[in-house]
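# Fold and geometry: a report
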Amino acid sequence: MGERHVVVGAGPVGRATAEQLAGAGNEVVLASRSGAGPEVPGARRVALDASDADALSRVATGAHAIYNCVNPPAYDKWPTLWPPVAEALLTAAEQNGAVLVTTGNLYPYGPVQSPMTEDMPDAGAGTKARVRAQMWAQALEAHEAGRVRAVEVRGSDYMGAGVGDGSHITRLVPRALSGRPVRVFGSPDQPHSWTDVLDMARALVAVAVRESAWGRVWHAPTNAPRTQREAVADVCRVAGREPVKVRGYPSWVLTVGGPFSPLIRELRETAYQFERPFVLDSSAIAHHLGLEPTPWDEVCRRTAGL
């Protein structure tokens, strides 16, 4: 048996991470609020409130690493939901001497004029950008003070197996594969980066066990950008279907729908991601850790459920 690892959050990234770790012969605990969900061979599921530092510390006893793969369910309540979870994870990592490995996103950078690299400042002004940037700032401060060993991996919108309706492209797949037209937020024709959940999991596992990787942000291995129109067409193609029509929602949808839908109201804050080029540069993790993205056609096959 290898080392003990605790994965907190049993969504697509958490499950993929647990699979990677268990497949390598490690002892894996997969923790979520319910403790339920699809079986992950080799992983033990437990029910856990991720904001309960004492419970989390007990579960993490003897762990080499704790993986923050949490995805708070209420998009509009991040400022309330994230801080106690982040604090509990830091506490558990410090008490157990475990590496804290965080699944991050690209919100902290905010709108930028060029492909995103890890040396860019966390200058995003939106609420969700500030929440995620503060989480990393606190973890990095604890790392630099010698209290914990921390590292964060950031990825773009997810594709791949098991993502379901949790991503801008994957939510469209069932309709597109049935031959019906789809609508997307923003422009269908702006280049956009898509990260396979498998590649995010591979990156999380890789940085957890390499001391040289700690104390910084990494970008998950990610393929060259594809527009939303191209990504939908590519998924259809690998499934042997003809591409479907892809149109953008009218701009007024986010404005008019905001007062009635918390989700739409929150999407206005990140609308820039689909109205202009939104490109992630993952060359650093390829150069330093040898991680390349899953070939694009395979990402599309996994997204199509093949």
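Everything that follows concerns the structure shown earlier in this document.
In short, a report on the structure. Treat the numbers as computed from the prediction; the structure is a model and nothing was measured.

## Quick notes on the pairing of strand 6 (residues 149-155)
Every other side chain in a regular strand lies on the same face of the sheet, so the side chains alternate between the two faces. Burial runs high along strand 6: 6 of the 7 residues are buried. Examined bridge by bridge, strand 5 (residues 99-105) and strand 6 share 7 bridges and lie parallel to one another. Bridge pairing links V99 to R149 in strand 6. Of the crossover connections in this fold, the one passing from strand 5 over helix 4 (residues 127-144) to the parallel strand 6 is right-handed. Across 3 bridges, the pairing between strand 6 and strand 10 (residues 217-219) is parallel. Among the inter-strand pairings, V153 is bridged to a residue of strand 10, identified as W218.

## What about the sheet that holds strand 4 (residues 65-68)?
Read from one edge to the other, the open sheet built from 7 strands follows the order 3-2-1-4-5-6-10, with strand pairing classed as parallel. Whereas interior strands pair on both sides, the edge strands pair on one side only; in this sheet they are strand 3 (43-47) and strand 10. For this sheet, the mean angle separating the axes of adjacent strands, direction not counted, is 20°. Here helix 4 sits on the sheet in contact with strand 4, strand 5, strand 6 and strand 10, set at roughly 150° to strand 6.

## Structural notes on the pattern of salt bridges
Evaluated as defined, the whole model comprises 15 salt bridges. When the shortest N-O distance is used, the salt bridge between R237 and D234 registers 3.6 Å. Here the residue R237 and the residue D234 both occupy positions in helix 7 (residues 228-238), the gap between them amounting to 3 residues, near one helical turn. Take D234: its relative accessible area is 7%, and that puts it in the buried class. Residue R301 pairs with E298 through a salt bridge whose shortest N-O separation is 3.1 Å. One end of the pair, R301, and the other, E298, are both in helix 11 (residues 296-303), 3 residues apart, so they sit about a helical turn from each other. For R301, a relative accessible area of 33% corresponds to the partly exposed category. Look at the salt bridges and you will find they share partners, linking R226, E230, D234, R237 and D297 into a network.

## Considerations on the packing of helix 7 against helix 11
Orientation of helix 7 relative to helix 11, taken along the N-to-C sense of each, is 80°, at an axis distance of 8 Å. With respect to helix 11, the element helix 7 is oriented roughly perpendicular. For the pair helix 7 and helix 11, contact is made by A231, D234, V235, R237 and V238 and by W296, D297, C300, R301 and T303, respectively. Tallied by class, residues from the contact of helix 7 with helix 11 come to 5 nonpolar, 1 polar and 4 charged.

## Remarks on the side chain of T227
Structurally, the position occupied by T227 is in the loop between strand 10 and helix 7. Ignoring anything within four residues of it in the chain, the contact list for T227 reads P188, D189, Q190, P191, H192 and W194.

## A word on the packing of aromatic side chains
Applying the stated criterion to the full structure yields 5 aromatic pairs. Both rings, one in F185 and one in Y249, keep their centres 5.0 Å apart while their planes meet at 35°; by these two values the pair is tilted. One end of the pair, F185, is in the loop between strand 8 (182-184) and strand 9 (194-196); the other, Y249, is in the loop between strand 11 (246-248) and helix 8 (252-257), with 64 residues separating them in the sequence. Residue F185 is classed as buried on the basis of its relative accessible area of 18%. Pairing Y272 with F278 gives two aromatic rings, centres 6.3 Å apart and planes at 65°, and the pair type is edge-to-face. Residue F278 is classed as buried on the basis of its relative accessible area, which comes to 4%. Among the aromatic residues, those joined into a cluster by ring pairs are W78, W82 and Y107. Note that R154 overlies the ring of Y109, its terminal NZ or CZ placed 5.0 Å from the centroid. Positioned over the ring face of W218 is R216, at 3.6 Å from the centre of the ring.

Procedures and definitions
- What you see as residue numbers is a count from 1 along each chain, following the sequence as written.
- For a predicted model such as this one, the threshold for reporting local features is a pLDDT of at least 70, and the threshold for listing and counting side-chain atom pairs is 80 or more; totals across whole chains, interfaces and linings nevertheless cover every residue.
- Excluding hydrogens and water, the side-chain figures rest on all heavy atoms present in the structure.
- Throughout this description, buried means an accessible area under 20% of the type-specific maximum (1.4 Å probe, protein chains only), exposed means over 50%, and partly exposed covers the range between.
- Counting from the N terminus, the helices are the DSSP runs of H or I reaching at least four residues and the strands are the DSSP runs of E reaching at least two.
- Two strands form a pair only when DSSP identifies at least two bridges running between them.
- Every crossover in which the path from the first strand over the helix to the second runs clockwise, viewed with the strands pointing away from the viewer, is termed right-handed.
- To obtain each axis, a line is fitted to C-alpha atoms, and for helices this fit is confined to the stretch in contact; angles are then taken between N-to-C directions over 0 to 180 degrees.
- The contact definition used throughout considers only heavy atoms, calling two residues in contact when any of these lie within 4.5 Å.
- Definition used for salt bridges: Asp or Glu carboxyl oxygen within 4 Å of a side-chain nitrogen of Lys or Arg.
- Reported orientations rely on four angle classes, namely roughly parallel under 35 degrees, roughly antiparallel over 145, roughly perpendicular from 65 to 115, and oblique for the rest.
- The classification used treats Ala, Val, Leu, Ile, Met, Phe, Trp, Tyr, Cys and Pro as nonpolar, Asp, Glu, Lys and Arg as charged, and all other residues, Gly among them, as polar.
- Stacked, edge-to-face and tilted labels apply to pairs of Phe, Tyr and Trp rings (six-membered ring for Trp) whose centres lie within 6.5 Å, assigned for plane angles under 30 degrees, over 60, and everything in between, in that order.
- In this analysis the charged atom, NZ for Lys or CZ for Arg, is taken to sit over a ring once it is within 6 Å of the ring centre and within 35 degrees of the ring normal.

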